[in-house]
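# Reading the structure
Listed below, chain by chain, are the residues.
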Amino acid sequence: MNPGSTPRALIIGGSIGGLLSAILLRAIGWRVDVFERSPHALDSRGGGIVLQADVLHAFRFAGIRHGTLGVASGDRIFLDQAGDVLQRTWQPQTQTSWNMLYQTMRRALPDDCVHPGAALARVEQAADQVRAHFANGRSEAGDLLVGADGARSTVRAQLLPDLAPAYAGYVAWRGLVPEPDLDPASRALLAGVFAFQQGDDHMLLEYLVPGEDGATQAGRRRWNWVWYRKVDAALLPALLTDRDGHPHAFSLPPGALPEARARALRADADAHLAPPFRALVHGTTEPFIQAILDLAAPRMVFGRIVLLGDAASVPRPHTAGGTAKAAANALALAQALQRTEAPIERRLQAWEAEQLRAGRAMTDRGRAMGDRIMGIDRPA
Ligand SMILES: Cc1cc2nc3c(=O)[nH]c(=O)nc-3n(C[C@H](O)[C@H](O)[C@H](O)COP(=O)(O)OP(=O)(O)OC[C@H]3O[C@@H](n4cnc5c(N)ncnc54)[C@H](O)[C@@H]3O)c2cc1C
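Residues numbered from 1 in each chain as written. Predicted model: local features only at pLDDT ≥ 70, side-chain atom pairs only at ≥ 80, totals over all residues.

So, about the domain arrangement of the protein. Taken domain by domain, the protein comprises domain 1 (8-51 + 108-163 + 297-374) and domain 2 (71-97 + 166-292). Tallying the contact residues gives 14 residues for domain 1 and 21 residues for domain 2. Residue assignment for the side of domain 1 that touches domain 2 shows that the elements contributing at least two residues are strand E3 (48-50) and helix H10 (344-374). Taken together, the residues of the side of domain 1 that touches domain 2 break down into seven nonpolar, four polar and three charged. (Domains from an automatic or database assignment. Contact = placed C-beta atoms within 7 Å. Helix = DSSP H or I, 4+ residues; strand = E, 2+ residues; numbered from the N terminus. Nonpolar A, V, L, I, M, F, W, Y, C, P; charged D, E, K, R; others polar.)

This is the structure in structure tokens:
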């Protein structure tokens, strides 16, 4: 880094962790470029997300202007299979959606610093410079490289080649249903609550999220559901093969599920779920699936390369904390880089120690919660 020159960060991955890092580093005066493998805008991706304070803190630090970001719920209710309410507790929170956060962040970044269709191939670094080489032959140099490229991070694979995400033994079936599409009785029961059904070895949860256009008014929102179900590891490759016969590693996006699997999902819903949840599964035109993973990298800093978000550790979704953790990683990174009293290496090490500790606490808690919910006994 030349004294007096504007430092430059190369950010790999243009999802939540990558865009937030870019916005926060720009806020402290860095030049940023985001390189995203996908050639398309990502805003049709993803489902509901519980809105956590870490995301709002990061938005505030970066001066991101936003309107209402989510839909509030009050009670948590647990239904039995007949649809009767077994338990009701007051536990208010706000739910948003992946595309609402994505669009809010994307609007805060100028177009010329986001580069779609740029897949990182490898990185190399000298004493105070990092160089990224992309699959399309492009190469870029910067003062820092942020690996925000998700659970199957290319950056991490180069730096920690023996570390890979481990399948936790169950998957999340997910879907979104436009608010008016649900029958009146189900709407009356589910509106304004965070609803669950806990089975012996499965669990469904549901809450309202903003509409695809970000609308939060009644009638324009979407019902978001997640159904955790055990799947034997040996059966996973067939389950994650899309309608064109292509295998996927850990997820099938909306629109990729073969029709026969969607039919089987609806039949399983009829066999196991409460009536309003059955209606949600039947009302979903494009159900999608994500394998639940465990991953915790032992390091996040490698000279001038850092890992954050899911590239560094993947908490189970029961923590509702993956996005919050990515936001906390990125905010703390910007705050560490903003202070200039110590050499950058020392500041990055201090950042790493704190973020590793918090990440480990979240992944440990998520494992314990997920195994308990799914009735999984693991040898200690
Ligand atoms: C079922 C489920 C429910 C969840 N619910 C919640 C919730 O309620 N609350 C919550 O906070 N979190 C939730 N999460 C987790 C959350 O989605 C992530 O933790 C969060 O979005 C952080 O993601 P990320 O940006 O680090 O990685 P990702 O979103 O995986 O993004 C990585 C990006 O990097 C790109 N990329 C990959 N490789 C390359 C490459 N070589 N070159 C360039 N680009 C590349 C990818 O295309 C992608 O866009 C849930 C997850 C699951 C599975």
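The strands making up a sheet associate through hydrogen bonds between their backbones, and the pairing can be parallel or antiparallel. Read across the sheet, three strands follow the order E7-E8-E9 without closing on themselves; strand pairing throughout is antiparallel. The open sheet has two edge strands, strand E7 (120-125) and strand E9 (139-142), and neither has a second partner. The sheet shows a mean angle of 20 degrees between the axes of neighbouring strands, direction not considered. In this sheet, E9 lies alongside strand E8 (residues 130-134) in antiparallel orientation, the contact comprising four bridges. (Pairing = 2+ DSSP bridges. Axes fitted to C-alpha atoms, helices over the stretch in contact; angles between N-to-C directions.)

Every one of the 34 residues lining the ligand counts as a neighbour, but Gly13, Gly150, Gly309, Gly322 and Thr323 are closest to it. Listing elements by their share of the shell around the ligand, those giving two or more residues are helix H1 (16-27), strand E2 (31-36), E3 and helix H9 (322-338). Sorting elements by how many residues they give to the shell around the ligand places H9 first, with four residues. Counted by class, the shell around the ligand contains 17 nonpolar, 13 polar and four charged residues. Looking at which domains feed residues into the shell around the ligand, each of domain 1 (8-51 + 108-163 + 297-374) and domain 2 (71-97 + 166-292) gives three or more. (Near = placed C-beta within 6 Å.)

Next up on the list: the pairing of strand E13 (residues 202-209). Of all eight residues that make up E13, seven are buried, and the element is covered over most of its length. In this sheet, E13 lies alongside strand E12 (residues 193-198) in antiparallel orientation, the contact comprising four bridges. The residue of E13 that forms the bridge with glutamine 198 is methionine 203. The loop that links E12 with its antiparallel partner E13 comprises three residues. With eight bridges joining them, E13 and strand E14 (residues 222-230) adopt antiparallel strand pairing. Residue pairing for E14: leucine 205 is matched across the bridge by valine 226. (Buried ≥ 20, exposed ≤ 12 C-beta atoms within 10 Å, placed from the backbone.)

Before going further, it helps to examine the environment of valine 155. Assignment of secondary structure puts valine 155 in helix H4 (residues 154-159). Separated by 33 residues in sequence, valine 155 and arginine 122 place their C-alpha atoms 7.0 Å apart. Here valine 155 is in contact with Ile12, Leu120, Val123, Gly147, Asp149, Ile305, Leu307 and Ala311, once residues within four sequence places are set aside.

Attention shifts here to the sheet that holds strand E6 (residues 114-116). Read from one edge to the other, the open sheet built from six strands follows the order E6-E2-E1-E10-E18-E17, with strand pairing classed as mixed. Each edge of the sheet is formed by a strand with only one pairing partner; in this case those strands are E6 and strand E17 (301-302). Relative to strand E18 (residues 305-307), strand E10 (residues 144-147) is paired through three bridges, and the arrangement is parallel. Bridged to leucine 145 within E18 is isoleucine 305.

Okay, helix H3 (residues 98-107) next. Burial of H3 is extensive: seven of the ten residues sit out of reach of the surface. All of the buried residues along H3 are Trp98, Asn99, Met100, Leu101, Tyr102, Thr104 and Met105.

Turning our attention to the pairing of strand E1 (residues 8-12). Taking burial as the measure, the five residues of E1 include four buried ones, the bulk of the element. Of the pairings in the sheet, the one linking E1 to E2 comprises five bridges and is parallel in character. Each residue of the ladder has a partner; that of isoleucine 12, found in E2, is phenylalanine 35. Following the backbone out of E1, through H1 and into the adjacent parallel E2, one traces a crossover that is right-handed. (Right-handed = clockwise from strand over helix to strand, strands pointing away.)

Take the nonpolar core next. By size, the foremost hydrophobic cluster in this structure holds 60 residues, and its most contacted members are Ile11, Ile12, Leu20, Val306, Leu308 and Ala330. With eleven residues, the top contributor of residues to this core is H9. Apart from the residues lying within four places of it in its own chain, the contact partners of isoleucine 11 are Gly18, Ser21, Ala22, Val32, Asp33, Val34, Phe35, Val146 and Ala148. Counting residues in each nonpolar core, the second largest holds 44 residues, with Leu182, Leu257, Phe288 and Leu295 among its members. (Core = buried A, V, L, I, M, F, W, Y, C linked by C-beta atoms within 7 Å.)

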